[in-house]
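Structural overview for review
Listed below are the residues making up each chain.
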Amino acid sequence: MKKSKLQSALSALAAAAALTLLAWLGVLNRADLAVCDAFYQQPYATDGKIVIVGIDQKSLEIYGPYQEWCRDGVARALELLNAGPDGRPAAIGVDVLFSGSTNPETDAALARAAGRYGNVVTASAAEFDSDFVETESGSFVRDDFVLTAYEEPFAALRQATQQGHINAMLDTDGILRRHLLYFDLPDGTRVPSLALALAERLRDELMLPPTNARGFWYVPFAQNPGNFEFRSIADVLDGTVSSDYFKNKIVLIGPCAAGLQDSYFTAIDHARPMYGVEYQANVIQALLNGTYPQEAGKGVQLAVLFAILLAACAAFQKHGVRVSTALWLALCAGWIVLCKCLYEAGWVLHLLWVPSGVTVLYAGCLAANYIRAALERQHVTRTFQRYVAPEIVSELLNAGPAAMELGGKKCEIAVLFVDIRGFTSMSEHLAPERVVEILNEYLTLTTRCVMDHHGTLDKFVGDCTMAFWNAPLPQEDAVMLACRAAMAMAEGAKPLAQRLMQEYGHPVSFGIGVHVGPAVVGNIGAPMRMDYTAIGDTVNTASRLEANAPAGTIYISRAVADALQGRIAATPLEHPPLLKGKAAGFEVLTLDAILPEGVQTP
């Protein structure tokens, strides 16, 4: 039992460790990220403080190719947006990178319009790549996030405005979930994101989100693609939208046309792309709300996963299908509810890790239990089909391994011994092959009689057969079954004895002994060789009854006669043999007949 418990504990430990390792290696990452996005990212109402002025398909159709009018158009839009008599936008973000000079007059006009009102933030962009960097100790390590290039607006525009980077960094599955709040240039200058620079202009005391070592934070998206307040830049330029509409708001100017190739699949919607300017609007909204779900540390989540999986595996191994199924459902549902509650409290957990791991363990333990039960069933069948009738084997299988209690149990059994009288003297005159043939014929007869009467065939010892009843499973009327088997053997031996007398001139018949009482029954022997047998005084007494029984006679004890009183015809011996180990006066009877049902002796 200790060995079995240790094996179960070690297997649970190994299974939990293996699944935790798979989670650490990222095997579930793609599926987990998709499920987390669908579960956590839900749109919510905004305050209308953010408006997108889009360079959309309508404006392209009116003004022509984007490159030909964009700088001039944005310059005029900046003038019009700031022309309101009652107030101007709190901030205007230009989500277009105007690097390098094109037309000097147009560039100058754009720089003047952007710098005149002090509320414009223009776009810059950085490039990151893998490279080797030197550590403080002088060694070199590979860094996958090394700043390799930084692109800013042309000089006049750069001097007239504040810059904010517009980098959109996708996860490994191509989905945009996180935002780079800032990065540092080699000279130590910190470059905020466009969204951060704009949010700080609307709100002085802005609570910044917690970031990882590289400056990224998890964005709770507010709106699906196309759901932020939107106006076409064409409507601004032709005066359709009054400048008063933009008063005290954050205005984002950027591409909103498919052909301009500025769109991404985001955590809130994997099916529809979101324009870059919409992504900036979502980030600004999250910064203004000041609610920042923080991704729990991977090490902590792995430790929690391991502990849950270890406990779950141990429980699945211990309990049956019904309890395991209830536990599996409770763990999966409970983890989902916990993730939801913790997300509302500001923590993001891997949603799929625990349910996936628990499901694998649940299925694995069910399969293992099924295989174990099948092997035990096969073992029971192989073990007992050599000893007992098929009906008893079937009962054992239905009752399960616990019914057998292998290793020994004390129970009341009826024991039968039968030996061939005259066989030894006859065998001296026969060829060995014929001796074996005759012996097998007799043993087949005794075996059939035991099996026909639902007994357990214990063993053959030379020409002797031992059998017992009421084990390994309790039997109704076990003593009667043993006596019926004895009578069947005696009757079955008569034609065999007659034939052998005719062929060899030697009389051969059975001597049989039957006794009932307590005995120890079970697998007895050494680990490498054991027998399912019965031991005890009851067995010894039955053996001595058989040893003293004359040819063709069945000796039974008083215990057997009392158990079957009125159902058998038995004659007490006037001068019973003195059985070894028994005191004088131990009563021995001959079993003469089994009375028909309904007929009883006084």
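Preceding this section is the structure that the text describes.
**Side note on the overall build of the chain**
Scanning the chain from N- to C-terminus turns up 18 helices and 23 strands. On C-alpha atoms alone, the chain measures out to a radius of gyration of 46 Å, which is more than a quarter above the 25 Å that the 2.2 N^0.38 rule sets for 602 residues. By its C-alpha atoms, the chain is 140 × 60 × 40 Å across when sized along the principal axes. For the chain, with 602 residues in total, the buried portion stands at 47%. Taking as baseline every contact in the chain between residues at least 6 positions apart, the subset at least 24 positions apart corresponds to 75%. When the accessible surface of the chain is split by element, carbon and sulfur atoms take 56% of a total near 29000 Å². One way to put it: in the chain the 46 positive side-chain charges average out to a point 6 Å from where the 62 negative ones average out.

**Observations regarding unusual backbone geometry**
Geometrically, the link from Ala471 to Pro472 is a cis peptide bond, its omega value of 10° lying close to zero. Among the secondary structure elements, Pro472 is positioned in the loop between β18 (464-469) and α16 (478-504). The phi dihedral of Gln261 falls on the positive side, at around 55°, and the residue is not glycine. When you line up the elements, Gln261 lands in the loop between β11 (250-255) and β12 (263-266).

**What about the packing of aromatic side chains?**
Using the criterion set out here, one finds 14 aromatic pairs in the structure. Aromatic side chains Trp217 and Tyr292 sit 5.5 Å apart centroid to centroid with 80° between the ring planes, which places their arrangement in the edge-to-face category. With Trp217 in strand β9 (residues 216-218) and Tyr292 in the loop between α9 (276-289) and β14 (294-295), this pair connects stretches of sequence that are 75 residues apart. Ring centres of Phe316 and Tyr362 lie 5.7 Å apart, and the angle between their planes is 65°; this geometry places the pair in the edge-to-face category. Taken as a pair, Phe316 in helix α10 (residues 298-318) and Tyr362 in helix α12 (residues 353-384) lie far apart in primary sequence, 46 residues in all. Residue classification places Phe316 among the buried residues on the basis of a relative accessible area of 1%. Grouped by ring-pair contacts, the aromatic residues Phe128, Phe145, Tyr150, Phe183 and Phe216 constitute a single cluster. Its end group placed over the ring of Phe39, Lys340 keeps NZ or CZ at 5.6 Å from the ring centre.

**Some thoughts on the pattern of salt bridges**
All chains considered together, the criterion is met by 25 salt bridges. What you see here is one network of salt bridges that share partners, running through Asp37, Asp171, Asp173, Arg177, Arg178 and Glu295.

**Digging into a negative patch on the surface**
On the surface, Glu127, Asp129, Asp131 and Glu151 cluster together into a patch of negative charge. The element best represented in the negative patch is strand β3 (residues 120-134), accounting for three residues. Tracing the chain through its elements places Asp131 in strand β3.

**Looking at the environment of Asn212**
Counting through the fold element by element, Asn212 comes out in the loop between α7 (194-202) and β9. Along the chain, Asn212 and Gly522 lie 310 residues apart, while their C-alpha atoms are 66 Å from each other. Here Arg214 takes part through its backbone nitrogen, which lies 3.0 Å from a polar atom of the side chain of Asn212.

**Describing the packing of helix α4 (residues 66-81) against helix α5 (residues 104-116)**
As a packed pair, α4 and α5 sit with axes 9 Å apart at the nearest point and diverge in direction by 25°. Comparing the axis directions of α4 and α5 gives the class roughly parallel. The two elements α4 and α5 cross, and the hand of that crossing is left-handed. The residues of α5 that touch α4, namely those facing Arg71, Asp72, Val74, Ala75, Leu78 and Glu79, are Thr106, Asp107, Ala109, Leu110, Ala113, Ala114 and Arg116. Class assignment of the residues belonging to the contact of α4 with α5 gives a composition of seven nonpolar, one polar and five charged.

**So, the pairing of β12**
Bridge count for β12 against strand β13 (residues 269-275) is three bridges, and the pairing is antiparallel. In the strand pairing of β13, Thr266 is matched with Asp269.

**Description of helix α11 (residues 321-344)**
Between its first and last C-alpha, α11 extends 35 Å over 24 residues, near the 34 Å set by a 1.5 Å rise per residue. All of the buried residues in α11 are Ser324, Cys332, Trp335, Cys339 and Tyr343. Backbone geometry just after α11 places Gly346 at a positive phi near 105°.

Reading guide: rules and limits
Residues numbered from 1 in each chain as written. Predicted model: local features only at pLDDT ≥ 70, side-chain atom pairs only at ≥ 80, totals over all residues. Heavy atoms only, no water. Helix = DSSP H or I, 4+ residues; strand = E, 2+ residues; numbered from the N terminus. Rg over C-alpha atoms; globule rule 2.2 N^0.38 Å. Buried < 20%, exposed > 50% of the residue type's maximum accessible area, 1.4 Å probe, protein only. Contact = heavy atoms within 4.5 Å. Areas by Shrake-Rupley, 256 points an atom, 1.4 Å probe, with all protein chains shown as cover. Lys, Arg positive; Asp, Glu negative; His and termini not counted. Charge placed at Lys NZ, Arg CZ, Asp CG, Glu CD. Phe/Tyr/Trp six-rings, centres within 6.5 Å; stacked < 30°, edge-to-face > 60°. Lys NZ or Arg CZ within 6 Å of the ring centre and 35° of its normal. Salt bridge = Lys/Arg side-chain N within 4 Å of Asp/Glu carboxyl O. Patch = residues over 30% accessible without salt bridge, like charges linked within 9 Å, V, L, I, M, F, W, Y side chains within 5 Å. Polar contact = N/O pair within 3.5 Å; in protein donor to acceptor, adjacent residues only side chain to side chain. Axes fitted to C-alpha atoms, helices over the stretch in contact; angles between N-to-C directions. Parallel < 35°, antiparallel > 145°, perpendicular 65-115°, else oblique. Left-handed = near helix turned anticlockwise from the far one by under 90°. Nonpolar A, V, L, I, M, F, W, Y, C, P; charged D, E, K, R; others polar. Pairing = 2+ DSSP bridges. Expected span 1.5 Å × (residues − 1).

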